[in-house]
Amino acid sequence: MGASGLNMGKQGPLVHIACCVANIVCRIFDKYNRNDGKRREILSAAAASGVAVAFDAPIGGVLFSLEEVSYYFPSKTMWRTYFCALISAVVLKMINPYHVGKTLLFQAAYDRDWHLFESVPFFIFSVFGVSNSPLLIDMMILVKIT
């Protein structure tokens, strides 16, 4: 989100378009039009497919749908949502919208491996985090009590 509250990037518009199309499809069939639970399942799958198309990440789409869209997410719905996101990512790959053989316009290429000196700050932060976690837990319990 930008400072104005408008969505920036392609995730927001793609999720919105996918949910709009899913809502229209739900209105066509009585099974989904009359049942709000089924409609929510379809909208969860649509939101996941929007994220899957935006980032070429079907599992990320399911996690987005689990965290942001649904408040009740049974495992049956999770598998259906994953299948929908996977199919949408495969269809995007088949369409090849950028005509370069990639599904994302900008990709990071990791052509170099990490160096040993880069692990020193990670080691220091991990020791600091592990040694101070009991103190942090005690502070959180104290704040919760008061």
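Everything below is about the structure shown above.
Along every chain, residues carry numbers that run from 1 in the direction the sequence is written. Only residues with pLDDT of at least 70 get local features here, since the model is predicted, and only at 80 or more are side-chain atom pairs given and counted; chain-wide, interface and lining totals rely on the full set of residues. Neither water nor hydrogens contribute to the side-chain values; these are computed over all heavy atoms in the structure.

**Student:** Would you take a moment to explain the packing of aromatic side chains for this structure?
**Tutor:** Each pair of aromatic rings is reported with the distance of its centres and the angle of its planes. Side-chain rings of Phe, Tyr and Trp, where Trp is taken by its six-membered ring, are said to pair if the distance between their centres is within 6.5 Å; with planes under 30 degrees apart they count as stacked, over 60 as edge-to-face, and otherwise as tilted. This structure, assessed with the given rule, holds one aromatic pair. Centre to centre, the rings of Trp79 and Tyr82 are 6.4 Å apart; their planes meet at 85°, and the pair counts as edge-to-face. With a gap of three residues between them, Trp79 and Tyr82 both fall in helix H5 (residues 75–95), about one helical turn apart. For Tyr82, a relative accessible area of 27% gives the class partly exposed. Only DSSP runs of H or I with at least four residues qualify as helices, and only runs of E with at least two residues qualify as strands; both kinds are numbered from the N terminus onward. Classification of residues uses two cut-offs on accessible area relative to the type maximum, computed with a 1.4 Å probe and protein chains only: under 20% is buried, over 50% is exposed, and between them is partly exposed.

**Student:** Sorry, what's going on with a nonpolar patch on the surface here?
**Tutor:** A cluster of nonpolar residues, Ile17, Val21, Ile24, Val25, Ile28 and Phe29, forms a patch on the protein surface that exposes about 570 Å² of accessible area. With respect to the element layout, Val21 can be found in helix H1 (residues 11–28). Residue Val21 is classed as partly exposed on the basis of its relative accessible area of 47%. Patch construction takes residues with relative accessible area above 30% that form no salt bridge. Like charges are linked within 9 Å, and nonpolar side chains (Val, Leu, Ile, Met, Phe, Trp, Tyr) are linked within 5 Å. Every accessible area reported is derived by Shrake-Rupley at a probe size of 1.4 Å, with residue values counting cover from the shown protein chains alone. One side-chain nitrogen of Lys or Arg within 4 Å of one carboxyl oxygen of Asp or Glu is enough to make a salt bridge.

**Student:** Please clarify how the pattern of salt bridges should be interpreted in this entry.
**Tutor:** Note on pairing: side chains with opposite charge can pair once their charged atoms come close. Within the structure shown, the criterion is met by one salt bridge. Of the charged contacts, one joins Glu41 and Arg80 as a salt bridge, the two residues approaching to 3.6 Å between their closest N and O atoms. Taken together, the residues span a long stretch of sequence, with Glu41 in helix H3 (residues 36–55) and Arg80 in helix H5 at a distance of 39 residues. On the basis of relative accessibility, which here comes to 45%, the residue Arg80 falls in the partly exposed class.

**Student:** What should I look at first to understand the environment of Asn35 in this one?
**Tutor:** By the secondary structure assignment, Asn35 is in the loop between helix H2 (30–33) and H3. Residues Asn35 and Glu67 lie 32 residues apart in sequence; the distance between their C-alpha atoms is 22 Å. Any pair of nitrogen or oxygen atoms within 3.5 Å is treated as a polar contact; in protein, a donor-acceptor pairing is required on top of that, and neighbouring residues in sequence qualify only through side-chain atoms on both sides. Here Gly37 takes part through its backbone nitrogen, which lies 3.1 Å from a polar atom of the side chain of Asn35.

**Student:** Help me understand the packing of helix H4 (residues 58–69) against H5 in this model?
**Tutor:** Geometry of a packed helix pair, given as the angle between the helix axes and the separation of the axes. For the pair H4 and H5, the least separation of the axes is 8 Å and the interaxial angle reads 135°. With respect to H5, the axis of H4 lies oblique. In the crossing of H4 with H5, the sense of the turn from one axis to the other is right-handed. Here Pro58, Ile59, Val62 and Ser65 of H4 lie close against H5, whose contacting residues are Met78, Thr81, Tyr82, Ala85, Leu86 and Ala89. Classifying every residue of the contact of H4 with H5 by side-chain character gives eight nonpolar, two polar and no charged. Fitted lines through C-alpha atoms serve as axes, helices being fitted only where they are in contact, and the angles separating the N-to-C directions of these axes extend from 0 to 180 degrees. Throughout, the term roughly parallel applies to angles under 35 degrees, roughly antiparallel to angles over 145, roughly perpendicular to angles from 65 to 115, and oblique to all others. Whether a crossing is left-handed or right-handed is set by the direction in which the near helix is turned from the far one by less than a right angle, anticlockwise for left-handed and clockwise for right-handed. Should any heavy atoms of two residues lie within 4.5 Å, those residues are considered in contact. Gly falls in the polar group here, along with every residue not listed as nonpolar (Ala, Val, Leu, Ile, Met, Phe, Trp, Tyr, Cys, Pro) or charged (Asp, Glu, Lys, Arg).

**Student:** Just checking my understanding: could you explain the packing of H3 against H4 for this structure?
**Tutor:** Remark: H3 packs on H4, axes separated minimally by 7 Å, with the N-to-C direction vectors making an angle of 135°. On the basis of their axis angle, the class for H3 and H4 is oblique. Considering how the two elements wind past one another, H3 and H4 form a crossing that is right-handed. Here Leu43, Ser44, Ala47, Ala48, Val51 and Ala52 of H3 come into contact with H4, specifically with Pro58, Gly60, Gly61, Val62, Phe64, Ser65 and Val69. For the contact of H3 with H4, the per-class residue count stands at nine nonpolar, four polar and no charged.

**Student:** So what exactly am I meant to see when it comes to H1 here?
**Tutor:** Three or four residues apart is the spacing at which side chains of an α-helix point the same way, because the helix has 3.6 residues per turn. Helices are assigned an expected span. That span is 1.5 Å times one less than the residue count. With 18 residues, H1 should cover 26 Å at 1.5 Å per step; its first-to-last C-alpha distance of 26 Å lies within 8% of that length. Three or more residues of H1 are buried, namely Val15, Ala18, Ala22 and Cys26. Taken end-on, H1 shows its buried residues confined to a sector of 80°, consistent with a single buried face. Away from its buried face, by an angle of more than 90 degrees, H1 presents the exposed residues His16, Ile24, Arg27 and Ile28. For H1, the secondary structure elements touched by its buried residues are H2, H3 and H4. Each direction from the helix axis to a C-beta atom contributes to the arc, which is the arc of those directions.

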